[in-house]
Amino acid sequence: MKSDSAREAVLGRVRRALRDTERTPLSAVPRDYRSTRPRADLVAAFCEAVADYKATVDRAAADEVVSRIAGIARDAGARRLLVPDGAPQAWSAALGEEFELVDPGASTTALEQVDAVITTAAVGIASTGTIVLDHGPGQGRRAVTLVPDLHVCVVAESQVADDVPAALARLDPARPTTFISGPSATSDIELNRVEGVHGPRTLHVLVAPSA
C-alpha cells in the first residue's frame, strides 16, 4: 500500500537520524527542578484551594478537633452521625454523649438517615484543594462519604502534599481511592449549579496538627 510505504520511508529517515545520537536513560533525567515548599506554605495553600471549591475549611488545634466536630454537627442541625472504624476513639466517646452514633456497617438504606459522616483522610493536595481517601482506618467505605448530606473531614498537616504526583507517591495503587474536590456539584446545560446530586451538599474540612 502506498500509505504504508510512505510511513516506512518516514520512519526509516527517523531511525537513520537517531542512529548515532547519544541515548539518555529516563532515570538520568534531572528532577531537581521541583521545589519543595515549606510545610506552613503547603498547608496555607491547601486551605485556600479547598475554600475555592466552596467547601468550608478551618484550622484546629489538636485538642480542639472533637469540640470543633461537635460544633459543626450542631450548627448543621445534625443528630445522627457516623464515625468509621479506625477513627480516633476519643471522637466516638465524646460525640456519643450528645449525638446518636450510627453503626459504621449500616446498609445504604440506613445511611440515608445519617445526617453527617466524620472521617480522616489519606492525603490532601495543596495545588488543587483535593482530599484523597483510600478508605483505610477512619475513612470508611465509599458509600458512607457519598450518602450523608454533611461530610466533615479531618486532615493532618503532615498529610498535605504539594501536587498530584507527590500525592500519588504516598498512596498504595492497590487500594481504592476517592478524590474529593469540594462538595458534590454539577451543572445543567445553562450552567446552573446544583449541589448534592452525587454526594454531600456540604463539605467541612478541619486541618489539624499531626498527632
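Up top you'll find the structure we're talking about.
The sections below set out a description of the structure shown in this document. Computed from a predicted structure; not experimentally measured. Along every chain, residues carry numbers that run from 1 in the direction the sequence is written. Local features in this predicted model are restricted to residues of pLDDT 70 or higher, and side-chain atom pairs are both shown and tallied only at a pLDDT of 80 or more, whereas totals for entire chains, interfaces and linings draw on every residue. Calculated side-chain values reflect all of the structure's heavy atoms, with hydrogen atoms and water omitted.

### What about the overall build of the protein chain?
Next up, step 1: Within the protein chain, the secondary structure is distributed over six helices and 12 strands.
Next up, step 2: In this description, contact between two residues means that some pair of their heavy atoms is separated by no more than 4.5 Å. Counted over contacts in the protein chain with a minimum sequence separation of 6, partners at least 24 positions apart contribute 71%.
Next up, step 3: As displayed, the protein chain offers around 12300 Å² of accessible surface, 52% of which is attributable to carbon and sulfur atoms. Secondary structure follows DSSP: runs of H or I at least 4 residues long count as helices, runs of E at least 2 residues long count as strands, and numbering of each begins at the N terminus. Each accessible area is a Shrake-Rupley result for a 1.4 Å probe, and residues are judged covered by the shown protein chains and nothing else.

### Points about the side chain of aspartate 162
Next up, step 1: For aspartate 162, the position within the fold is in the loop between β8 (160–161) and α6 (164–170).
Next up, step 2: Within 3.5 Å is the distance limit for a polar contact, defined as a pair of N or O atoms, with the added protein rule that one can donate a hydrogen and the other accept it, and that residues adjacent in sequence qualify only through two side-chain atoms. A distance of 2.7 Å separates a polar atom in the side chain of aspartate 162 from a polar atom in the side chain of arginine 37.

### Describing the sheet that holds strand β7 (residues 150–156)
Next up, step 1: Read across the sheet, six strands follow the order β1-β12-β7-β4-β2-β3 without closing on themselves; strand pairing throughout is parallel. One side of each edge strand has no neighbouring strand; the edge strands of this open sheet are β1 (56–59) and β3 (100–102). With direction set aside, neighbouring strand axes in the sheet form an average angle of 25 degrees.
Next up, step 2: Each pair of strands is called paired provided DSSP finds at least two bridges between the two strands. Here strand β2 (residues 80–82) pairs with strand β4 (residues 116–119) via two bridges, running parallel. By the bridge assignment for β4, leucine 81 is matched with alanine 116.
Next up, step 3: Sitting on the sheet, helix α3 (residues 65–75) is in contact with β1, β2, β4, β7 and β12 (202–208), with an inclination near 165 degrees to β12. Simply put, an axis is a line fit to the C-alpha atoms, just over the touching stretch for a helix, and the angle between two N-to-C directions goes from 0 to 180 degrees.

### Digging into the sheet that holds strand β9 (residues 178–180)
Next up, step 1: Taken in spatial order, the four strands of this open sheet run β8-β5-β6-β9, and their pairing is mixed. At either margin of the open sheet sits one strand with a lone partner, and together these are β8 and β9.
Next up, step 2: Pairing between strand β5 (residues 123–125) and strand β6 (residues 130–133): three bridges, direction antiparallel. Looking at the pairing, valine 123 lines up with valine 132 of β6.

### Notes on the environment of phenylalanine 46
Next up, step 1: With respect to the helices and strands, the residue phenylalanine 46 is situated in helix α2 (residues 39–52).
Next up, step 2: Those residues within four positions of phenylalanine 46 in sequence are excluded, and the remaining contacts are Gly124, Ile125, Ala126, Gly129, Thr130, Ile131, Val155, Val160, Val205 and Val207.

### Examining α3
Next up, step 1: Among all positions in α3, only Val65, Ile69, Ala70, Gly71, Ile72 and Ala73 are buried.
Next up, step 2: Buried residues belonging to α3 abut β2, α4 (89–95), β4, β7 and β12.
Next up, step 3: Phi turns positive one or two residues past the end of α3, at glycine 77, with a value near 75 degrees. Burial classes: relative accessible area under 20% of the type maximum marks a residue as buried, over 50% as exposed, and values in between as partly exposed (1.4 Å probe, protein chains only).

### A word on the environment of alanine 87
Next up, step 1: One can find alanine 87 in the loop between β2 and α4.
Next up, step 2: Given a relative accessible area of 11%, alanine 87 falls into the buried group.
Next up, step 3: Spatially, the C-alpha atom of alanine 87 lies 8.6 Å from that of isoleucine 118, the residues being 31 residues apart in sequence.

### Some words on unusual backbone geometry
Next up, step 1: One non-glycine residue, lysine 54, lies in positive phi territory at about 65 degrees.
Next up, step 2: One can find lysine 54 in the loop between α2 and β1.
Next up, step 3: Its identity as a non-glycine residue notwithstanding, histidine 135 has a phi of 60 degrees, on the positive side.
Next up, step 4: Within the secondary structure, histidine 135 is located in the loop between β6 and β7.

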